[in-house]
Each structure stands twice: as C-alpha cells, then as structure tokens.
Amino acid sequence: MTKEHDPLNLKNIFTMGPSTEDHFIGLRCAAGVFLPLFFLLILDRLDLAIFAVFGAFVNVYGRVPRHLDRLLAQLKTGALFWILILVAWFASSYWIEHGTQRGLWTVVALTSVVAGVCSWITSILRVRPGGSLFHIFAFAAIASVPSLPSLAESMFTTTGTIMFAIFVGLAGRLFPSRRTEWQVSPVKPFTTKLHKAFIIESSLYFAAAALAGSAATLLSPLLNMSHNYWAMVAAVVPLVGKTMRHRIARGVHRILGTFVGPGLMAIVVALNPSPVVAILIIGLMQFMAEMFIARNYFFAQIFVTPLAVVGTGLASGTTSGLVYDRFMETVIGAVVGIGMILVGSLIGNQIRKRLSTD
C-alpha cells in the first residue's frame, strides 16, 4: 500500500474524498431533525425532543441514489428504530434502577445486546450505514433518562418524526429533474457464508460495546463521568472498514475529531443558546456532519461532537460536564475498539498460519 492510499498516513487525515451530492443529503438530514424539533418548541414540549432526535436518525439511512431503494431502506430502518425506541422507553420506565450502580450495569448489558442484535438485523436488511452505532446511541440515551413523557406521547413523536423523514427522502420526486427510476437495485445473493459473516460481525459489536461500557462504568467514579454509553458508541466505530488499517484509522479519526469538536462545543456552552438557537445549531451540525461523513471521517467528527452534546442536552441544558463526558468516554471507547481490531487481527493471522501449515 502506497503512502498516498494509506489511511494511517498523517496527511490523509486531511484528504477529502469525492463529493456525491452530499449537500442534498445534508439538507435532507438537517431538515429532518430541525423541523420536528422546531414544532416541539412551538408546542412547548421539548421534553419530547429526545424522541424526535433519535427518530430523525432514519434520515441518515437515506444516502441511497434511487428513490424506491431509499424508500425501502428508510421503511426498514424506520420500523427498526420505532421498535428500538419503544423497548428503550420500557427499559427506562420499568427495568433500570436509575441513580444506582446496578442501573448503570443494566444499561451496559441491555445496550450490548442491542449492539449485537441490531448489527445483525441491519446486515440482514441490507441497509447502509451498516452496524449498530446509531442504534446503540438511541437506545442507551433514552434508557438512561430517569423520567420520560408518557408512552403515547413519546411514540407519537417518534412515529411522526420517522414518517417525516420518509417524506423528506422522497421529496425529490416532486421535481422532474431529480426523479429517478422507480425500480429496486439488485443486491448480493444471501448465502450461508454471508450469514456467518453477519453473525461474526454482530458478535464483535456486542463484545466491543460490552467491553467499552464496562470500562467506562468502572472508571466513572474515578473520572467523574455519567454517560457511559458514549464509550460504547465510540467502540464500534473502528469495526467499520475494508481493512485493519482502515478500521484503526476510523478509531483515530474519532479521537482526533473529538479533540477538535469540543472547541466548537465550548463556544456553544459559552453562548448559552436559547432553545431556538440550540435547535438551529443541531440542524447546522447535522448538515455539516453529513457533508463530510463519506468524504473525511475526521472532519465529520468535528461536527458530530456538538451535534451529540446539544441534542442530548436540549431539554436539560448544555453544560461543560456534557462536553467533558463526551471527550473522555469517546477516547475510552475508541481505544477499546482499536484494541479489539488489533487483537482480532493477531488471532486471525495465527489461525491462517496454522491452517496453511496443516
């Protein structure tokens, strides 16, 4: 591999990939989260914001060229997120002892299961982005809230946001110049070998989330952290990539982007924005993240940090404590994820050597 194509080459951190109409994708994602939140603001119901934020994740799965493919992808992911958010509501309301050490470990255990199961389901459904990063974030963030609105209000908000995301994904068909062929693109045939690969990958997601969540929970009293699920989210980032070096690079980009991101976040905290300004910031950060996510993961992470912190603290307020938690737990999770990739690669090499010797 040449230096020009080596993902771990330092200068490649700042190299931009080709643009593929990212501005349209960014606008769809920004509108898909901004308008539902603005509607909740008008109703003075920002206590429901967390359900709009995570229901809007369905917009991220609209990075599909053809409209019918996009519709099918968003219908699949919308159904999965709806069920996931419903389970998270019940977990928060009935299964988790909030404010206790046992409650923290319950969140880790349940979220680890979500990490493995949702990774397998997204692989079976053939949707992109693959893995369970967004599912981990959505489930754990909702399950960790000690007091949620009623089930009916929560799921009504989730349903409305998901339906709006699907509408935004198809809005291009209103313009003849943007319409695509109404047909489904062929996919790779489902085989036993492919299914085994899906199971192995989902096992890695489970293990990475469990290890990172456990590490963050054990270190939380020492480091004064309170959002252990951010470590679990960061741990699965390196699991996506073509090669081991690509995967390690993603983990490094996650850490470096989280170093820079708090600079933007510090400005937001200092401004102490009103709810309407905070919602504008969320829309802008979502747009910028989608502009870069497929072209340069490091630059995308600069905007993901403010997006995650402001989105999480929209109802309760954005504080420097949230920024600190985001930074510390991202580093813990990314280190765990990179460690898993390195250990897995060593084990794989040893197995291959033994097989070749035999």
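Residues numbered from 1 in each chain as written. Predicted model: local features only at pLDDT ≥ 70, side-chain atom pairs only at ≥ 80, totals over all residues. Heavy atoms only, no water.

Further remarks concern the packing of helix H3 (residues 67–95) against helix H5 (residues 133–143). At a minimum axis distance of 8 Å, the contact between H3 and H5 shows a crossing angle of 30°. Between H3 and H5, the angle is such that the two are roughly parallel. Crossing hand, H3 versus H5: right-handed. Where H3 approaches H5, its residues Leu80, Phe81, Leu84, Ile85, Val87, Ala88, Trp89, Ala91 and Ser92 are matched on the opposing element by Phe134, His135, Ala138, Phe139, Ile142 and Ala143. Here the residues of the contact of H3 with H5 sort into 13 nonpolar, 2 polar and no charged. (Axes fitted to C-alpha atoms, helices over the stretch in contact; angles between N-to-C directions. Helix = DSSP H or I, 4+ residues; strand = E, 2+ residues; numbered from the N terminus. Parallel < 35°, antiparallel > 145°, perpendicular 65-115°, else oblique. Left-handed = near helix turned anticlockwise from the far one by under 90°. Contact = heavy atoms within 4.5 Å. Nonpolar A, V, L, I, M, F, W, Y, C, P; charged D, E, K, R; others polar.)

Here we take up the packing of helix H7 (residues 192–223) against helix H8 (residues 229–236). Axis separation between H7 and H8 bottoms out at 8 Å; the angle between their running directions is 145°. Between H7 and H8 the crossing geometry is right-handed. Mapping the contact onto sequence places Tyr205, Ala208, Ala209, Ala212, Gly213 and Ala216 in H7 and Ala231, Met232, Ala235 and Val236 in H8. When its residues are assigned to classes, the contact of H7 with H8 shows 9 nonpolar, 1 polar and no charged.

Here Tyr61 shows up in the loop between helix H2 (49–55) and H3. Once the C-alpha coordinates of Tyr61 and Cys29 are considered, the two residues, 32 residues apart in sequence, prove to be 9.4 Å apart. For Tyr61, the residues in contact, after removing those within four places along its chain, are Ala73, Gln74, Thr77, Phe81, Val127, Arg128, Pro129, Phe134 and His135.

A separate point is the environment of Pro146. By the secondary structure assignment, Pro146 is in the loop between H5 and helix H6 (151–170). For the pair Pro146 and His98, spaced 48 residues apart in the sequence, the C-alpha separation amounts to 5.8 Å. Setting aside anything within four residues of it in sequence, one finds Pro146 in contact with Ser92 and His98.

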